[in-house]
Amino acid sequence: MTDLLVVEGLEAFYGQSQVLFGVSFTIGKGEVLSLLGRNGAGKTTTLKSIMGLVPPRAGRVRFGSTDITGRPAHRIARLRIGYVPEDRVIFPDLTVWENLDVARRPPLPDGREAWTEERVFELFAQLRPMARRLGGTLSGGEQQMLAIARALMGNPDLLLLDEPSEGLAPLVVQTMLEQLLRLKETGLTILLSEQNLTFARRLSDRVCVIVKGEIKYAGSMEELVANETLRRAYLTV
Amino acid sequence: MRHGERVVGARWVSAAVVPRATTLGVVVVLLGAVALPHGLPVFYAFLATDVLILALFGLSMNLLLGYSGMVSFGHAAYLGVGGYAAGLLALRAELPMAGALVLGAVAAAVAAMLFGAFAVRLSAVYFAMLTLAFQMILHTIVFKWRTVTGGEDGLRGLRPAALVDGPVAYYYFALGVLVVSALVMYVLLNSPFGYTLRAIRENPVRTAHVGVNVRLNRWLVFVVAGFFAGVAGVVLAFSKGSMFPEFVYWTAAADPILVAVLGGMHSFAGPIVGAVFYRVMVYVVGRYTEYWPLVEGALLILVAISMPRGLVGFAQTLWASAGLRSAGRPAPRPLARASARLVAATPSRATGDVLRLVGLRKHFGGVRAVDGVSLTVEAGQIHAIIGPNGAGKSTLFNLLTGHLQADEGEVYFGGKPIGHLPSHAVISRGIARTFQITSILRGLAVYENVLIAVLAHQRRVLDCVTPAKTLGVDQTWQLLELVGLSEQAGQVAGVLSHGDQKRLELAIALANQPTLLLLDEPTAGMAPQERFESVELVRSIARREGLTVLFTEHDMDVVFSAADRITVMHQGRILAEGAPDDIRKDERVQRVYLGGTL
Amino acid sequence: MLEFFATHFGWLTDVSLVTLQLASGIASAMFLFLVASGLSLIFGVSRIINFAHGSFYMFGAYFAHTWVQLLGGTPGEFWVMLILASLSVALLGGVLEVLFLRRIYHADPIFQLLLTFAFVLLLSDVAKILWGAEGKVVPRPEALAGSVSILGTPFPRYMLLVVAAGFLVGLALWVVFYRTRWGRLVRAARHSRDMLGALGTNVPRLFTQVFMLGSALAGLAGAMVAPIVTAAPGMDASIIIDAFVVVVIGGLGSFLGAALASLLVAVLKALGTVSFPAISMVLAYVVMAVVLIFRPWGLFGRREE
């Protein structure tokens with residue numbers, strides 16, 4: 001499997017305080033990698049650093065054959081990286097359809113079927129009747145799905161998903177999981193940041209555990225789940 | 001946070017402690033100002049008087065701009081009110097100049113009271129706009145009300161009192177007024193009131209959360225600034241012998257801003273330096289070209305883009321890089337430890353409910369952040385609220401301290417409803433809090449951060465006379481020592497490490513001598529060892545002082561080692577509540593945390 | 001009391017005078033709307049209050065004069081001139097944005113205010129250097145000379161054009177903002193530039209485009225007003241305050257607000273000129289103060305944090 005994304009020794013700061021201390025990992029094409037860790041461990045910052053929203057102070061990010069370290073976010077997005085932030089950032093004054101439209105980018109000439117509103121609504125059926133509603137009036141779960149749908153409109157090769165299950169009701173999480181599994185089947189590569197172990201387990205091929213800005217574990221989910229000490233130390237109550 | 005950040009330096013540390021070199025400088029400048037008219041043509045006395053008036057005007061502006069962070073674009077209105085009022089009184093009521101000076105300034109202050117009452121309620125942009133509109137109203141009135149104000153021909157025929165009639169004599173009069181006014185402003189800015197203004201400039205939310213009525217203080221400084229602008233207006237009116245509508249045209253509002261920013265709005269002397277530079281430039285450039293505005297525009301672009309701290313800031317940078325100035329010091333630490341009682345003066349060891357929430361609800365658009373929360377916190381308990389991100393914990397805190405208003409439900413503190421109160425009123429009833437994203441006064445010294453909270457708690461905010469550095473010394477040092485920051489007392493808070501900033505915020509909260517302490521993720525972003533020390537600190541203080549603590553936290557080790565009682569929130573509701581052991585065993589809680597909901 | 005009403009409002013029985021005042025109020029509302037909507041547009045995305053917007057309006061008038069001279073009687077020169085003058089001002093705005101404003105989007109707002117004020121000073125002198133201190137006349141197109149009769153009152157034909165143009169531009173703006181992708185990008189940028197950037201939009205470039213469009217609107221207003229008032233120094237200052245009042249009443253960032261407040265302010269001014277000639281503009285300020293007391297974020301604005 002060829003590596004689609006290679007992150008090497010990433011260091012990032014918020015103002016004076018360092019959040020990432022040399023984060024390294026790779027994702028293969030078509031793989032789903034979960035970045036697990038508690039709050040404040042650096043999951044969100046890792047995703048933002050890859051996306052160019054928090055410029056890294058040190059380290060390298062390579063996407064395909066391109067070094068994207070320190071590039072502006074819109075250039076990174078145009079290289080086909082889709083970003084779904086933790087707080088979703090739906091444009092509240094735009095309708096659902098308009099939220100999708102602003103993210104639209106032309107498909108790559110590699111013959112893959114391009115994402116359209118139609119395809120997005122097939123996947124997220126509950127959004128279809130809401131196409132004309134303002135983004136700000138959606139519920140948390142609906143906003144989350146719209147945020148994912150919006151990222152898809154850019155025809156990404158890699159999707160950065162920041163804690164999609166956060167604050168959502170179990171039933172909604174279940175639906176979303178099924179939708180993401182269908183996305184995975186299309187061959188989309190996903191970097192998922194999660195606290196919800198069960199959710200991550202169903203979706204991901206491999207996991208990394210990030211603790212206080214460092215990757216402490218990288219490997220299979222099964223091993224992590226089986227290893228009580230590991231789990232207690234890094235993730236659970 | 002990049003958007004709101006501004007240039008900060010070590011300036012406030014040194015502002016209140018006048019180093020000897022500065023005292024010497026002031027004396028030299030004053031002697032120079034006194035000697036100035038001698039040996040120069042009389043014309044220069046006129047020019048120098050202009051500089052003095054502009055300096056006074058700029059100083060009054062900087063009370064708002066530099067010290068309180070309020071961008072008024074209508075400050076010339078108060079100069080106008082002062083000048084016109086004094087002129088009318090002198091001409092129509094034949095009041096002597098001294099009386100006109102006092103009444104003119106008072107009239108300006110009254111106008112500022114009226115206009116300010118509307119303006120200070122507004123956010124920054126609308127504040128600038130509304131102050132500008134008030135100035136334009138005044139302009140229209142003096143322009144059109146020809147029978148009274150003389151309209152565009154101006155109000156003419158003023159003569160100064162015989163004693164100061166004549167360019168040189170009047171120069172000395174203006175100098176005297178400037179010196180006295182500057183002295184008053186200097187005292188004011190170094191009083192608790194002045195410190196509070198800086199706190200508001202740095203962080204209004206934090207300042208409200210040490211119990212300060214931010215709006216009231218903004219209004220008061222607006223009135224004071226209006227008063228001194230009025231004084232400048234009166235001196236101007238008698239200097240020119242007339243007042244014209246141009247003095248209050250909208251472009252005139254820029255003059256004091258230019259002077260303050262050019263000189264350096266974060267330095268007391270900045271506007272004076274700016275006024276000298278500006279007026280002399282106008283004069284010199286004006287001799288060579290009629291296109292002064294072009295030069296001025298270019299100069300402003302330069303300042304706005306590359307010299308945000310103005311001439312004084314620029315000079316300080318040079319000075320500092322030459323190693324000529326040491327950083328100022330906070331008030332010296334007292335030798336003897338005053339009392340053993342560090343925090344609560346009167347610990348409330350009362351039993352029963354300290355805090356009771358009944359059916360609290362808060363929605364944002366379609367998101368139910370807090371969805372019917374009822375909760376009781378007992379006195380003396382350390383009570384944790386945990387839950388996954390987005391469970392509604394921070395929103396709940398914001399509802400408790402009046403930062404947000406609930407859609408439904410009520411908050412009772414000590415049995416009394418507080419849900420409707422603004423933050424400062426909640427805080428002064430004995431609640432203190434820290435924020436998830438550390439909220440401190442980043443541009444001020446560590447010592448000053450705590451001092452302002454101490455002064456607010458002592459209800460000294462409106463003291464405009466006593467030097468703040470002489471007040472609350474014991475308690476400030478004790479609090480700094482308590483959280484282990486006495487070594488860093490003189491540093492600017494913004495450069496502290498993350499953990500130290502969190503500790504500083506704790507000291508700020510404790511300064512309020514609260515009955516109930518709310519901590520929103522007190523250890524977020526700290527190293528593991530630091531976390532335990534930090535929590536142990538809170539615990540020991542709470543036990544000793546009989547404090548009740550309600551905190552949110554993500555570090556489960558911290559939660560289970562510190563809390564007496566735990567409430568688990570999920571999706572805006574309470575999922576479980578109980579002693580730590582019960583919570584640890586609770587199936588539902590495990591499920592939420594492990595995501596076993598599938 | 002009765003006498004007071006007779007003096008100040010007696011004229012309201014004169015239908016032709018009322019019609020004339022209303023019509024001219026509506027016409028001047030159009031200029032105000034063009035300037036204010038540009039101001040509001042720029043504020044909406046960049047949070048910058050552009051003092052230089054009045055200068056752009058003045059430059060529109062001067063460019064109108066220059067282009068008319070350069071075009072020298074080509075057929076349809078008036079219409080070509082309107083387009084060229086607007087484009088010239090757009091270019092001017094774009095250059096200022098790229099060279100200066102772009103550097104201080106993250107700075108303390110006072111520096112933004114200061115910078116745009118610096119533009120006011122610079123541009124007023126540049127205008128004097130380029131065009132002198134004398135007013136520059138721009139001829140009215142012949143087809144629009146003369147008057148038409150509205151309810152029996154003669155009304156300049158040119159003013160009809162102004163009213164029509166105001167409506168058309170307002171409509172065009174609505175279409176651009178609510179029916180084109182570019183408009184959607186602009187509305188999205190108002191909420192979160194970071195998110196929009198992460199979705200692949202070049203946000204700095206979008207800001208420049210918005211600034212240019214806002215400038216062009218002011219330029220168009222200036223070019224259209226030139227045949228009525230002659231291009232002269234001081235035009236900048238006279239319009240900018242009115243435009244501020246309009247955007248504050250309407251709510252910063254709101255088009256509908258700008259449109260309605262322009263009408264309100266201009267009509268109030270036109271009627272007030274007859275009733276209370278001394279203080280007609282004060283009426284607008286009073287309306288503004290009252291609005292802000294009850295709705296501190298303007299009629300159609302959004303509550304600020």
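Residues numbered from 1 in each chain as written. Chains lettered and ligands numbered in written order. Predicted model: local features only at pLDDT ≥ 70, side-chain atom pairs only at ≥ 80, totals over all residues. Heavy atoms only, no water.

Asks: I keep staring at the overall build of chain B and nothing clicks. Help me out?
Replies: When you go through chain B residue by residue, the secondary structure sums to 24 helices and 12 strands. Taken over 598 residues, chain B has a buried fraction of 57%. Intrachain contacts of chain B at a sequence separation of at least 6 include 75% that bridge at least 24 residues. Of the roughly 23,100 Å² that chain B leaves accessible, carbon and sulfur atoms contribute 63%. (Helix = DSSP H or I, 4+ residues; strand = E, 2+ residues; numbered from the N terminus. Buried < 20%, exposed > 50% of the residue type's maximum accessible area, 1.4 Å probe, protein only. Contact = heavy atoms within 4.5 Å. Areas by Shrake-Rupley, 256 points an atom, 1.4 Å probe, with all protein chains shown as cover.)

Asks: Is there a simple way to think about the interface of chain C and chain A in this case?
Replies: Often the size quoted for an interface is simply the accessible area lost on bringing the parts together. Listed by partner, the interface residues are 18 residues for chain C and 23 residues for chain A. Summed over both sides, the interface of chain C with chain A buries roughly 1,800 Å², with 58% coming from carbon and sulfur. Of all residues in chain C, Arg184(C), Met195(C) and Leu199(C) give up the largest surface area on contact with chain A, accounting jointly for 32% of the area buried on that side. At the junction of chain C and chain A, the tally comes to nine residue pairs in polar contact (both at pLDDT 80 or more). Looking at the side of chain C that touches chain A, the element that brings in the most residues is helix 7 (residues 181–191) of chain C, giving six residues. Residue composition of the side of chain C that touches chain A, grouped by class: seven nonpolar, six polar and five charged. (Buried area = accessible area lost by both parts, 1.4 Å probe. Polar contact = N/O pair within 3.5 Å; in protein donor to acceptor, adjacent residues only side chain to side chain. Nonpolar A, V, L, I, M, F, W, Y, C, P; charged D, E, K, R; others polar.)

Asks: I keep staring at the packing of aromatic side chains and nothing clicks. Help me out?
Replies: Aromatic ring pairs are described here by two measures, namely the spacing of the ring centres and the angle between the planes. Under the counting rule described, the total for this entry stands at 34 aromatic pairs over all chains. A ring pair is formed by Tyr170(B) and Phe173(B), whose centres lie 5.3 Å apart and whose planes are at 55°; its orientation type is tilted. Pair noted here: Tyr170(B) and Phe173(B) are both in helix 8 (residues 167–189), with a separation of three residues, about one helical turn. Judged on exposure class, the residue Tyr170(B) and its partner Phe173(B) are both buried. A ring pair is formed by Phe100(C) and Phe119(C), whose centres lie 5.9 Å apart and whose planes are at 45°; its orientation type is tilted. Of this pair, Phe100(C) sits in the loop between helix 4 (77–99) and helix 5 (109–131) while Phe119(C) is found in helix 5, placing the two residues 19 residues apart along the sequence. On the basis of relative accessible area, Phe119(C) is assigned to the buried category, the value being 1%. Taking the ring centre of Trp115(A) as reference, the NZ or CZ of Arg119(A) above it sits at 3.8 Å. Looking at Arg584(B), its charged tip hangs above the ring of Phe560(B), at a distance of 4.2 Å from the centre. (Phe/Tyr/Trp six-rings, centres within 6.5 Å; stacked < 30°, edge-to-face > 60°. Lys NZ or Arg CZ within 6 Å of the ring centre and 35° of its normal.)

Asks: Help me out: how do you make sense of the nonpolar core in this one?
Replies: For soluble globular proteins, the rule of thumb is that nonpolar side chains tend to be buried together. In this structure, Leu5(A), Phe25(A), Leu191(A), Phe73(B), Trp250(B) and Met81(C) are the most contacted members of the largest nonpolar core, which totals 292 residues. Tallying contributions element by element places helix 2 (residues 15–46) of chain C first for this core, with 15 residues. In contact with Leu5(A), other than residues within four places in its own chain, are Phe25(A), Thr26(A), Ile27(A), Ile50(A), Val61(A), Arg62(A), Phe63(A), Leu158(A) and Leu191(A). Val473(B), Leu482(B), Ala493(B) and Val589(B) belong to the second-largest nonpolar core, a separate cluster that totals 61 residues. (Core = buried A, V, L, I, M, F, W, Y, C linked by side-chain atoms within 4.5 Å.)

Asks: Explanation requested: the pairing of strand 6 (residues 408–413) of chain B in the structure shown.
Replies: Regular strands place side chains that alternate from one sheet face to the opposite one. Residues and elements named next belong to chain B. Bridge count for strand 3 (residues 353–364) against strand 6 is five bridges, and the pairing is antiparallel. In the sheet register, Val-358 faces strand 6, and the bridge partner there is Glu-410. Bridge count between strand 6 and strand 7 (residues 416–417): two bridges; the pairing is antiparallel. Looking at strand 7, one finds that Tyr-412 is bridged to Pro-417. Counting the residues in the hairpin turn of strand 6 and strand 7 gives two residues, including Gly-414, whose phi is positive at 60°. (Pairing = 2+ DSSP bridges.)

Asks: Can you help me understand the sheet that holds strand 10 (residues 214–219) of chain A in this one?
Replies: By definition, the strands of a sheet pair up through backbone hydrogen bonds, in either a parallel or an antiparallel sense. Residue and element names in this part refer to chain A. Pairing is mixed in the open sheet, where six strands are placed in the order 6-7-8-3-9-10. Looking at which strands have only one partner, the edges of the open sheet turn out to be strand 6 (81–84) and strand 10. Taken over all neighbouring pairs, the strand axes of this sheet differ in orientation by 15° on average, direction set aside. With four bridges connecting them, strand 6 and strand 7 (residues 158–162) associate as parallel partners. Counted as the bridge partner of Tyr-83 is Leu-160 from strand 7. Contacting strand 3 (32–36), strand 6, strand 7, strand 8 (189–194) and strand 9 (206–211), helix 1 (residues 43–51) runs over the sheet at an angle of about 150° to strand 7. Lying on the sheet, helix 5 (residues 140–152) is in contact with strand 6 and strand 7; it crosses strand 6 at an angle near 165°. (Axes fitted to C-alpha atoms, helices over the stretch in contact; angles between N-to-C directions.)

Asks: Would you explain the pattern of salt bridges in this entry?
Replies: Close approach of charged atoms lets side chains of opposite charge pair. Overall, the coordinates contain 35 salt bridges over all chains when judged by the stated rule. Residue Glu113(A) is joined to Arg119(A) by a salt bridge in which the shortest nitrogen-to-oxygen separation is 4.0 Å. Three or more residues joined by partner-sharing salt bridges are found here, namely Arg361(B), Arg368(B), Asp371(B), Glu408(B) and Arg573(B). (Salt bridge = Lys/Arg side-chain N within 4 Å of Asp/Glu carboxyl O.)

Asks: What is the right way to read the interface of chain B and chain C from this model?
Replies: With 41 residues of chain B at the contact, the number on the chain C side is 47 residues. At the boundary of chain B with chain C, total buried surface from both sides reaches about 4,100 Å², with 80% on carbon and sulfur atoms. At the boundary of chain B with chain C, the tally comes to zero salt bridges. Inspection of the region where chain B meets chain C yields four residue pairs in polar contact (both at pLDDT 80 or more). Residue assignment for the side of chain B that touches chain C shows that the elements contributing at least two residues are helix 6 (124–144), helix 12 (254–263) and helix 14 (292–306) of chain B. Classifying every residue of the side of chain B that touches chain C by side-chain character gives 30 nonpolar, five polar and six charged.

Asks: Is there a simple way to think about the pairing of strand 9 of chain A in this case?
Replies: Residue and element names in this part refer to chain A. With five of six residues buried, strand 9 lies mostly within the body of the structure. Sheet topology note: the strand 3/strand 9 ladder contains four bridges and is parallel. Paired with Leu-33 across the strands is Arg-206, a residue of strand 9. In this structure, the hairpin formed by strand 9 and strand 10 is closed by a connection of two residues, where Lys-212 is found at a positive phi of approximately 45°.

Asks: Help me understand unusual backbone geometry, please; the structure alone is not making it clear to me.
Replies: For residues other than glycine, phi is negative in most cases, and the peptide bonds are mostly trans. Residues and elements named next belong to chain B. Located in the positive-phi region is Arg-459, a residue other than glycine, with phi close to 55°. Positionally, Arg-459 belongs in the loop between helix 18 (446–457) and helix 19 (473–482). You can call Arg-459 exposed: its relative accessible area is 63%. Phi at Gln-513 takes a positive value of approximately 45°, unusual for a residue other than glycine. Along the chain, Gln-513 falls in the loop between helix 20 (498–510) and strand 9 (516–520).

Asks: What should I look at first to understand the confidence of the model for chain B in this one?
Replies: Caution applies to low-pLDDT regions: their predicted coordinates should not be interpreted in detail. Residue and element names in this part refer to chain B. Here chain B averages 87 in pLDDT, and 90% of its residues register 70 or above. Helix 1 (residues 11–15) is the least confidently modelled element of chain B, averaging 40 in pLDDT, while helix 11 (residues 214–240) averages 97, the highest of any element. Scored below 50 in pLDDT, residues 1–17 makes 45 contacts in the model with residues more than four places away or belonging to other chains. (pLDDT = per-residue confidence, 0-100.)

Asks: Would you take a moment to explain the confidence of the model for chain C for this structure?
Replies: Residues and elements named next belong to chain C. Summarising the model, chain C shows a mean pLDDT of 89, and 99% of its residues fall at 70 or more. Model confidence for chain C, summarised as mean pLDDT per element, is weakest for helix 1 (residues 2–9) at 79 and strongest for helix 4 at 96. Scored as a whole, the predicted complex attains pTM 0.87, and scored at its interfaces, ipTM 0.93.

Asks: How do you make sense of the side chain of Ser191(B) when you look at a structure like this?
Replies: Relative to the elements of secondary structure, Ser191(B) occurs in the loop between helix 8 and helix 9 (192–202). If we ignore the near neighbours within four places in the chain, the residues touching Ser191(B) are Asp463(B), Cys464(B), Val465(B), Thr466(B) and Ala468(B).

Asks: Help me understand the packing of helix 2 of chain C against helix 7 of chain C in this model?
Replies: The description of two packed helices rests on the angle between their axes and on the distance between the axes. All names here are of chain C. Between helix 2 and helix 7, the shortest axis-to-axis distance is 7 Å and the interhelical angle comes to 55°. As far as their axial angle goes, helix 7 and helix 2 are oblique. Where helix 2 approaches helix 7, its residues Leu-41, Gly-44 and Val-45 are matched on the opposing element by Val-186, Ala-189 and Arg-190. Taken together, the residues of the contact of helix 2 with helix 7 sort by class into four nonpolar, one polar and one charged. (Parallel < 35°, antiparallel > 145°, perpendicular 65-115°, else oblique.)

Asks: Quick question: what am I supposed to make of a nonpolar patch on the surface here?
Replies: There is a patch of nonpolar side chains on the surface, built from Val102(B), Leu103(B), Val106(B), Val110(B), Met113(B) and Leu114(B) and spanning about 490 Å² of accessible area. Relative to the helices and strands, Met113(B) is located in helix 5 (residues 97–119). (Patch = residues over 30% accessible without salt bridge, like charges linked within 9 Å, V, L, I, M, F, W, Y side chains within 5 Å.)

Asks: I keep staring at the environment of Gly140(A) and nothing clicks. Help me out?
Replies: Residues and elements named next belong to chain A. Here Gly-140 shows up in helix 5. Accessibility expressed as a relative area gives 13% for Gly-140, which makes it buried. Once the C-alpha coordinates of Gly-140 and Ser-34 are considered, the two residues, 106 residues apart in sequence, prove to be 22 Å apart.

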